[in-house]
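Residue-level listing of the chains:
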Amino acid sequence: MAKTLIIGACGQIGSELSAKLREKHGKDNIIASDIREGSEDIMNAGPFEVLDATDFHALQDTILHYDIDTVYLMAAMLSGTAEKFPMKAWQLNMETLFNVLNLAKENKISKVFWPSSIAVFGPTTPKMDTPQQTVMEPSTVYGISKQAGERWCEYYFKRYGVDVRSIRYPGLISYKTPPGGGTTDYAIEIFHSAAKGEKYTSFLSEETALPMMYMDDAIKATIQLMEADADDVKVRSSYNLGGISFTPKVLADAIRKEVPGFEIDYEPDFRQPIADSWPSKIDDTEAQKDWNWQHEYDLEAMVSAMLKGVKSLK
Ligand SMILES: NC(=O)c1ccc[n+]([C@@H]2O[C@H](COP(=O)([O-])OP(=O)(O)OC[C@H]3O[C@@H](n4cnc5c(N)ncnc54)[C@H](O)[C@@H]3O)[C@@H](O)[C@H]2O)c1
């Protein structure tokens, strides 16, 4: 059985992706790695390596040691944090991508997953039903790094035949691991407040609509894309992925149906202009057409799953 390396396995997405792939392919075939140690669940449920993915030689050694075939590169600095450390974000986001793409170019690995984001879009992009191909003038360092990354992925595919696949994730909502410093983190924090019976202060304004998705759908999409026939993967920059779209007010109203009396107020901070530069709703027709993508969780199902999940953590 071909072996898989997950880089950034202790993060919000990497932790759930590692668990799902271990369940699917057997724990010994999935090597989880991160620059830091993570939860016992991740580190004890299968092979785990502390690995800095900006270190090309350390990464190459791990790939050769475990005879890795496929890499999921989930390490990055996210949108909110990247605005505080622009150069560090650029360095981390680009160096890790080049390290993995170059190992694939040298045939040391045969398949790569690298996530992009709705942050590739900018204030001049159509906000509603944002198409796969459209104006892309990102105004954040995170968005610039993701857009550049997309261009490089397509370049490595066309020029060197590297089988790299990618999704522009919307804001991802989950409860098992804390979010990593993104602009959509409010849609996770709100559930922790609601479950404790506390009021939540949103760092985005009440009318800010953004594309979002429940984590189970994002993991399903990621694995589905990676299992698709190479010929069916027509987009080699990154696929638009829709899901649900809502504002903080709409989310609070949906939570109130299950938690009567839940209160919210709004104090927009430095993340508001980032959110304002992003689309409200994404068109993912290409993903539907090419690899049969369909999301499962609507707003109501996501709210129920999150409240149940957050309460189970206590
Ligand atoms: N979470 C979202 O809503 C979302 C949305 C769009 C795109 N994405 C993208 O998905 C990917 C994963 O996001 P996430 O939310 O899980 O992020 P996260 O911040 O929760 O996790 C990233 C992980 O990478 C690790 N890491 C950092 N530097 C590293 C290095 N040099 N070497 C190895 N590991 C390192 C961190 O320790 C962390 O565990 C990122 O590329 C992100 O841009 C996430």
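Above this text you will find the structure in question.
The present account deals with the structure reproduced in this document.

Definitions and limits used
- Residues numbered from 1 in each chain as written.
- Predicted model: local features only at pLDDT ≥ 70, side-chain atom pairs only at ≥ 80, totals over all residues.
- Heavy atoms only, no water.
- Near = heavy atom within 4 Å.
- Polar contact = N/O pair within 3.5 Å; in protein donor to acceptor, adjacent residues only side chain to side chain.
- Areas by Shrake-Rupley, 256 points an atom, 1.4 Å probe, with all protein chains shown as cover.
- 1 Å grid on protein atoms, 1.4 Å probe; cavity = no way out; pocket = protein on both sides within 12 Å on 5 of 7 lines; lining within 4 Å.
- Sits in = over half its atoms within 2 Å of the grid points.
- Helix = DSSP H or I, 4+ residues; strand = E, 2+ residues; numbered from the N terminus.
- Nonpolar A, V, L, I, M, F, W, Y, C, P; charged D, E, K, R; others polar.
- Buried < 20%, exposed > 50% of the residue type's maximum accessible area, 1.4 Å probe, protein only.
- Pairing = 2+ DSSP bridges.
- Salt bridge = Lys/Arg side-chain N within 4 Å of Asp/Glu carboxyl O.
- Patch = residues over 30% accessible without salt bridge, like charges linked within 9 Å, V, L, I, M, F, W, Y side chains within 5 Å.
- Lys, Arg positive; Asp, Glu negative; His and termini not counted.
- Charge placed at Lys NZ, Arg CZ, Asp CG, Glu CD.
- Points joined across faces, edges and corners; volume = space filled by probe spheres on them.
- Contact = heavy atoms within 4.5 Å.

1. A word on the site of the ligand
With respect to spatial proximity, 28 residues lie near the ligand, and among them Gln12, Ile13, Asp34, Asp52 and Tyr142 are the closest. Within the backbone of isoleucine 13, a nitrogen or oxygen atom sits 2.8 Å from an oxygen atom of the ligand. Here a nitrogen atom of the ligand and a backbone polar atom of isoleucine 35 are 3.3 Å apart. Against a free-state accessible area of 820 Å², the protein chains account for coverage of 91% of the ligand. According to the grid-proximity analysis, the pocket containing the ligand is the largest pocket. Within the residue set of the shell around the ligand, elements represented by two or more residues are helix H1 (12-25), strand E6 (116-117), helix H6 (141-160) and strand E9 (171-173). Grouping the constituent residues of the shell around the ligand by class yields 16 nonpolar, eight polar and four charged.

2. Describing the pairing of strand E2 (residues 30-34)
Remark: a regular strand shows side chains that alternate across the two faces of the sheet. Burial of E2 is extensive: five of the five residues sit out of reach of the surface. Residue alternation in E2 divides its side chains into two sets, Ile30, Ala32 and Asp34 and Ile31 and Ser33, and both sets are buried. Pairing of strand E1 (residues 3-7) with E2, which is carried by four bridges, proceeds in the parallel orientation. Counterpart to isoleucine 7 in the pairing with E2 is serine 33. Bridging between E2 and strand E3 (residues 48-50) involves three bridges; their strand directions are parallel. Directly across from aspartate 34, in E3, lies its bridge partner valine 50.

3. Topic: the pattern of salt bridges
This model, assessed by the stated rule, comprises 18 salt bridges. Notably, a salt bridge pairs lysine 24 with glutamate 227, separated by 3.1 Å at the nearest N-O pair. Of this pair, lysine 24 sits in helix H1 while glutamate 227 sits in helix H8 (residues 215-227), and the two are 203 residues apart along the sequence. A salt bridge links glutamate 296 to lysine 220; the shortest N-O distance between them is 3.1 Å.

4. Topic: a negative patch on the surface
Where like charges cluster on the molecular surface, the negative patch consists of Asp52, Asp55, Asp61 and Glu95. As for its position among the elements, glutamate 95 is in helix H5 (residues 86-105). Given the relative accessible area of 32%, glutamate 95 is considered partly exposed.

5. Let's talk about empty space enclosed by the protein
Inspection of the entire model under this criterion finds one cavity of 30 Å³ or more. The volume enclosed by the largest cavity comes to roughly 30 Å³. Lining the largest cavity are Leu73, Ala75, Ala76, Asn93, Thr96, Trp114, Pro115 and Lys146. Split into classes, the residues belonging to the lining of the largest cavity amount to five nonpolar, two polar and one charged.

6. What about helix H7 (residues 186-195)?
In an α-helix, one turn spans 3.6 residues, which is why side chains three or four residues apart end up on the same side. Buried residues dominate H7, accounting for eight of its 10 residues. Burial in H7 covers these residues: Tyr186, Ala187, Ile188, Ile190, Phe191, Ser193, Ala194 and Ala195. Glycine 197 occupies a position one or two residues after H7 and carries a positive phi of about 75°.

7. Some words on a nonpolar patch on the surface
Taken together, the side chains of Trp152, Tyr155 and Tyr160 define a hydrophobic patch exposed on the protein surface, amounting to about 280 Å² of accessible area. If you trace the backbone, tryptophan 152 turns up in helix H6. The class of tryptophan 152 is partly exposed, set by a relative accessible area of 35%.

8. Structural notes on the layout of surface pockets
Reported here for the largest pocket is a volume of approximately 890 Å³. Gln12, Met74, Ala76, Leu78 and Gly180 are the residues nearest the centre of the largest pocket, which is lined by 44 residues in total. For the lining of the largest pocket, the elements supplying multiple residues, two or more each, are H1, helix H4 (79-84), H5, E6, H6 and E9. By residue number, the principal contributor to the lining of the largest pocket is H1, which donates three residues. Approximately 470 Å³ is the volume found for the second largest pocket. Of all the secondary structure elements, the ones that give two or more residues to the lining of the second largest pocket are H1, helix H2 (40-44) and H8. No other element matches the seven residues that H1 contributes to the lining of the second largest pocket.

9. Focus: the environment of isoleucine 118
Positionally, isoleucine 118 belongs in the loop between E6 and H6. Separated by 134 residues in sequence, isoleucine 118 and alanine 252 place their C-alpha atoms 23 Å apart. Residues contacting isoleucine 118, with those up to four places away along its chain left out, are Arg168, Tyr169, Pro170, Pro211, Trp278, Pro279 and Ile282.

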